[in-house]
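The primary structure of each chain is shown beneath.
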Amino acid sequence: MAVTMNEDLRRERASATFNPELLTHILDGSPENTRRRREIENLILNDPDFKHEDLNFLTCSQRYKVAVRKRATLVKKIREFGISDPDEIMWFKKLHMINFVEPVGLNFSMFIPTLLNQGTTAQKEKWLLPAQGLQIIGTYAQTELGHGTHLRGLETTATYDPETQEFVLNSPTVTSIKWWPGGLGKTSNHAIVLAQLYTQGKCYGLHAFIVPIREIGTHKPLPGITVGDIGPKFGYDEMDNGYLKMDHYRIPRENMLMKYAQVKPDGTYVKPVSNKLTYGTMVFIRSFLVGEAARSLAKACTIAIRYSAVRHQSEIKPGEPEPQILDFQTQQYKLFPLLATAYAFHFVGAYMKETYHRINEDIGHGDLSELPELHALTAGLKAFTSWTTNTAIEACRMACGGHGYSHCSGLPNIYVTFTPTCTFEGENTVMMLQTARFLMKSYDQVHSGKLVCGMVSYLNDLPSQRIQPQQVAVWPTVVDINSPHSLTEAYRLRAARLVEIAAKNLQTEVSHRKSKEVAWNLTSVDLVRASEAHCHYVTVKLFSEQLLKIQDKPIQAVLRNLCLLYSLYGISQKAGDFLQENILTDSQITQVHQRIKELLTVIRPDAVTLIDAFDFQDVSLGSVLGHYDGNVYENLFEWAKTSPLNKDEVHESFYKHLKPLQSKL
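Residues numbered from 1 in each chain as written. Predicted model: local features only at pLDDT ≥ 70, side-chain atom pairs only at ≥ 80, totals over all residues. Heavy atoms only, no water.

## Here's the deal with the packing of helix α12 (residues 428-447) against helix α16 (residues 524-547)
Here comes step 1: Axis separation between α12 and α16 bottoms out at 8 Å; the angle between their running directions is 85°. As the angle between them shows, α12 and α16 are arranged roughly perpendicular. Residues T429, M432, L433, T435, A436, L439 and M440 of α12 form the contact with α16, whose own contacting residues are S524, L527, V528, A530, S531, E532 and H534.
Here comes step 2: Broken down by class, the residue content of the contact of α12 with α16 amounts to eight nonpolar, five polar and one charged. (Axes fitted to C-alpha atoms, helices over the stretch in contact; angles between N-to-C directions. Helix = DSSP H or I, 4+ residues; strand = E, 2+ residues; numbered from the N terminus. Parallel < 35°, antiparallel > 145°, perpendicular 65-115°, else oblique. Contact = heavy atoms within 4.5 Å. Nonpolar A, V, L, I, M, F, W, Y, C, P; charged D, E, K, R; others polar.)

Printed below as a string of structure tokens:
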């Protein structure tokens, strides 16, 4: 049956200045990628085994059972359809699971990648195929009840016993109990456990061990293992985040992942070429999360902008019909910078994915030269994009008014599913400080006369590096606010200056105190600020450079407007930084604010088509408000009628509790 399109959305799409299909090809990487992604999505949409109930009306226990069933079906179907490419599996999974998490997820996102990156050939031969087929269901147990991001503080121990050639894993304190790993509570039968390695009487720091935790077949916890679910959370109702306590639990020596670090049968420790190699999984996940931030924000923007185009409310001129709320400048100011941010983060995510795979290949050939910057960049961008996206999703929800509060909007689910990224795989403030450590080292290298490369090469051009001691550093103020390249330069100068301020403040604190650690803590606000400026510069730079790769003139024009809006909006939010360092003048800041308002008007005709180009299926959005057809009110009424509370005309609680009170009146 033909679907009737909402007239407002029909008109919006007809007014577009570009072909959204061509932009979708750019976002997917190629027309072939778009074709293949849609082909895989249609396999799901046309398969009756993938039809599912609305998870919003289910209890936590029901959602867990449904999520486990859906993943099991997913694995069978991937085999049946012959899908093996990692990107294609991800497309398959994203549409299948919608905005909900899955208990088996860490098996594929962390257990298998860690095994691939840190396991020997023999270890991969033993565990990889069973993990891919879910005979082994793995999770990644790093965080403890008393320790999270501070990895050196983890207390779980793995002590090598050369007589039996076994590691003895132990949770020596309450705070050492593994806490939070997804899928650990009820689903997993194996875990990669991060523990402090002890051999020959010495501690060698954190290493990864494959630990069986449940008996294959019965799924009962093995002797020496105490494992369970940690209880309800803010979201993640489908995920059995768990705890794991080990009581002198023994595993074979071969269960230590030994691609880099090794323990010989006699207990001799062989150290890795670089300690950072053991953190490869975290670097991978952090780089992946940048792309997830873009995806989640794109979904939120799609819902909010489509709804804003359909919703009519209030008046602009008295007596005239209620306009679309997307016509209000305040609504545009809420949403269009977020739309621009979604595009910016998409291009950053694509860059991080490509960079991770390139550097990981170099590492495989023994070249570790780019590993420090990769570690710093993934940490900083993970924090920068997840903080921004977390706030932006909530802004999209609030921009939808009262209906945004309902689960029918899909926005609460997107928010509670995304918000944990601000803490998992490294709490964001700590991540920013890790990036700052790299920035400070790079700054010191420059001051010692060395040139630095990569994304920090701007430090080579600090005014303090170019001038004589008696001269005063002067920052240029000639910034063209209509040029993405010129705005990139402004962000470069801001990053360079804030890095220099943090470095000098750190040096001052060191000169006043003996402890570098105390000085670091007393400068940490400046250091986080410098890292944020660095990540903001990288994002603007990558967005600006993307424009040069686009051949289609209409698409280049609309993306240029988004790039300008993203860059100018960031300046307006951080105007003090640009003013304080004389990068921009008072007059230019005024021009920035005016130009932003002009860009809102320019982008307005293309807003709906820009979110259409993300090419989300309705089922993937999981939103009544965000349907492609725009029939919000009809769909919303139908959705509400499916609530379990509407199963009976009169709920049983009326007869039990309320009617007795009324009979006394």
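## Some words on the state of the cysteines
Here comes step 1: In this structure the tally under the stated criterion is zero disulfides.
Here comes step 2: Of the cysteine sulfurs around C396, a residue in no disulfide, the closest is that of C301, at 4.2 Å. (Disulfide = S-S within 2.5 Å.)

## Looking at helix α7 (residues 121-132)
Here comes step 1: Its 12 residues place the ends of α7 16 Å apart at the C-alpha level, agreeing with the 16 Å of an ideal helix rising 1.5 Å per residue.
Here comes step 2: Buried residues of α7: Q123, W127, L128 and A131, and no others. Buried residues of α7, viewed axially, fall in a sector of 115°; they line one side. Of the residues in α7, the exposed ones pointing more than 90 degrees away from the buried face are T121, A122, E125, K126 and L129.
Here comes step 3: Check the buried side of α7 and you find it contacts α6 (105-118), β5 (190-199) and β6 (202-212). (Expected span 1.5 Å × (residues − 1). Buried < 20%, exposed > 50% of the residue type's maximum accessible area, 1.4 Å probe, protein only. Arc of directions from axis to C-beta.)

## Some details on the pattern of salt bridges
Here comes step 1: Considering all chains together, one arrives at 36 salt bridges under this definition.
Here comes step 2: One salt bridge connects E21 with R38, and the closest N-O pair in it is separated by 2.8 Å. With E21 in helix α2 (residues 20-28) and R38 in helix α3 (residues 31-45), this residue pair connects regions lying 17 residues apart in the sequence.
Here comes step 3: Using a relative accessible area of 30% as the deciding quantity, one classes E21 as partly exposed.
Here comes step 4: For K641, the salt bridge goes to E638, with nearest N and O atoms at 2.9 Å. You can see K641 and its partner E638 sitting in helix α22 (residues 632-641), three residues apart, about one turn around the helix.
Here comes step 5: For K641, a relative accessible area of 42% puts it in the partly exposed group. (Salt bridge = Lys/Arg side-chain N within 4 Å of Asp/Glu carboxyl O.)

## What to know about the sheet that holds strand β7 (residues 225-229)
Here comes step 1: Taken in spatial order, the three strands line up as β4-β8-β7 in an open sheet, and their pairing is antiparallel. This sheet does not close on itself; its edge strands, each paired only once, are β4 (178-179) and β7.
Here comes step 2: Where β7 meets strand β8 (residues 242-246), five bridges bridge the pair, whose relative direction is antiparallel. When the sheet's bridge partners are listed, G228 is paired in β8 with Y243. (Pairing = 2+ DSSP bridges.)

## Section: the environment of T585
Here comes step 1: Residue position: T585 is located in the loop between α18 (575-580) and α19 (586-603).
Here comes step 2: Using a relative accessible area of 30% as the deciding quantity, one classes T585 as partly exposed.
Here comes step 3: Separated by 107 residues in sequence, T585 and V478 have C-alpha atoms that sit 9.1 Å apart.

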